[in-house]
Amino acid sequence: MDEPLEIEQDDLGAPAWAAFGDLMAGVLGAFVLVLAAALVGQLDLAGRLEAEVQQRQAEQARREALERALAGPLADGRITLVEGRIGISGAVLFATGSDQLHADGRALLKSLATPLRTYLAQRDEVLMVSGFTDDRGLVAGRGAPKFADNWELSAQRALNVARALMAEGLPPDAVFAAAFGPQRPVASNGDAAGRALNRRVEIAPTPRPRRVAASAP
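Values in this document were obtained by computation on a predicted structure and should not be read as measured data.

**Re the overall build of the protein chain**
A tally of helices and strands in the protein chain yields 6 helices and 5 strands. Secondary structure of the protein chain in N-to-C order comes out as α-α-β-β-α-α-β-α-β-α-β. The buried share of the protein chain, reckoned over its 217 residues, is 30%. When the accessible surface of the protein chain is split by element, carbon and sulfur atoms take 60% of a total near 13800 Å².

Rendered as structure tokens:
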């Protein structure tokens, strides 16, 4: 009488073990998927970090190359170089309220032309020439009749510096002008010394814009 009972118990245990095996297989599969996702995430993060490091190294190399190219003007204090931007005091280039280059300012731009041309020849970059002013309005008799505001004055100054560089041999497609007026001051406009620092022209190498291919008719 006991033997049939043992057979029934064996028959009941088989499905339970099968279900347990399926459950464990599912858990293992889920674990493998989670592990694979984590590995992919780590590889992606490592790739992004490596790309960022390479970009920073390239940027540092670019700045060092520019510093070497401009060693002469930097040594005598005629220009500054901060984060890859060449700074020139507005007083060195122009009279107050004027967009006409001083003779000394034109000579300085001439001395910059050759090293800048050599630098650009080795890189796929262009020069952005930016004009800046202080926040004071233009004074009558010092440019007010000629320029509507500081934006217009900064634009014309940047344009004249760009033209002077092109006259010294920089390719026209490697130079462009931008105007910022009183925006982006580097010092306080509350005193004369700060305003003098804000009246400036900056020349900054930037990556050359990619040309968009013309679509076929």
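Following the structure, the description resumes.
**Comments concerning the environment of Gly190**
Relative to the helices and strands, Gly190 resides in the loop between β4 (175-181) and α6 (192-198). Once the C-alpha coordinates of Gly190 and Asp134 are considered, the two residues, 56 residues apart in sequence, prove to be 9.9 Å apart.

**Quick notes on the pattern of salt bridges**
Taken as a whole and judged by the stated rule, the model has 8 salt bridges. For the salt bridge of Arg78 with Asp76, the shortest nitrogen-to-oxygen distance reads 2.8 Å. Judged by relative accessible area, which is 35%, Arg78 ranks as partly exposed. The shortest N-O distance in the salt bridge between Lys146 and Asp99 comes to 3.1 Å. Here Lys146, found in the loop between β3 (125-132) and α5 (150-167), pairs with Asp99, found in the loop between α3 (90-93) and α4 (103-121); they are 47 residues apart in sequence, far enough to count as distant. By sharing partners, the salt bridges in this structure join Glu83, Arg85, Arg200 and Glu202 into a single network.

**Focus: a nonpolar patch on the surface**
A cluster of nonpolar side chains, contributed by Leu28, Phe31, Val32, Leu35 and Leu39, occupies part of the molecular surface with about 490 Å² of accessible area. Its location among the elements puts Val32 in helix α1 (residues 2-69). On the basis of relative accessibility, which here comes to 45%, the residue Val32 falls in the partly exposed class.

What counts, and where the lines are drawn
Residues numbered from 1 in each chain as written. Predicted model: local features only at pLDDT ≥ 70, side-chain atom pairs only at ≥ 80, totals over all residues. Heavy atoms only, no water. Helix = DSSP H or I, 4+ residues; strand = E, 2+ residues; numbered from the N terminus. Buried < 20%, exposed > 50% of the residue type's maximum accessible area, 1.4 Å probe, protein only. Areas by Shrake-Rupley, 256 points an atom, 1.4 Å probe, with all protein chains shown as cover. Salt bridge = Lys/Arg side-chain N within 4 Å of Asp/Glu carboxyl O. Patch = residues over 30% accessible without salt bridge, like charges linked within 9 Å, V, L, I, M, F, W, Y side chains within 5 Å.

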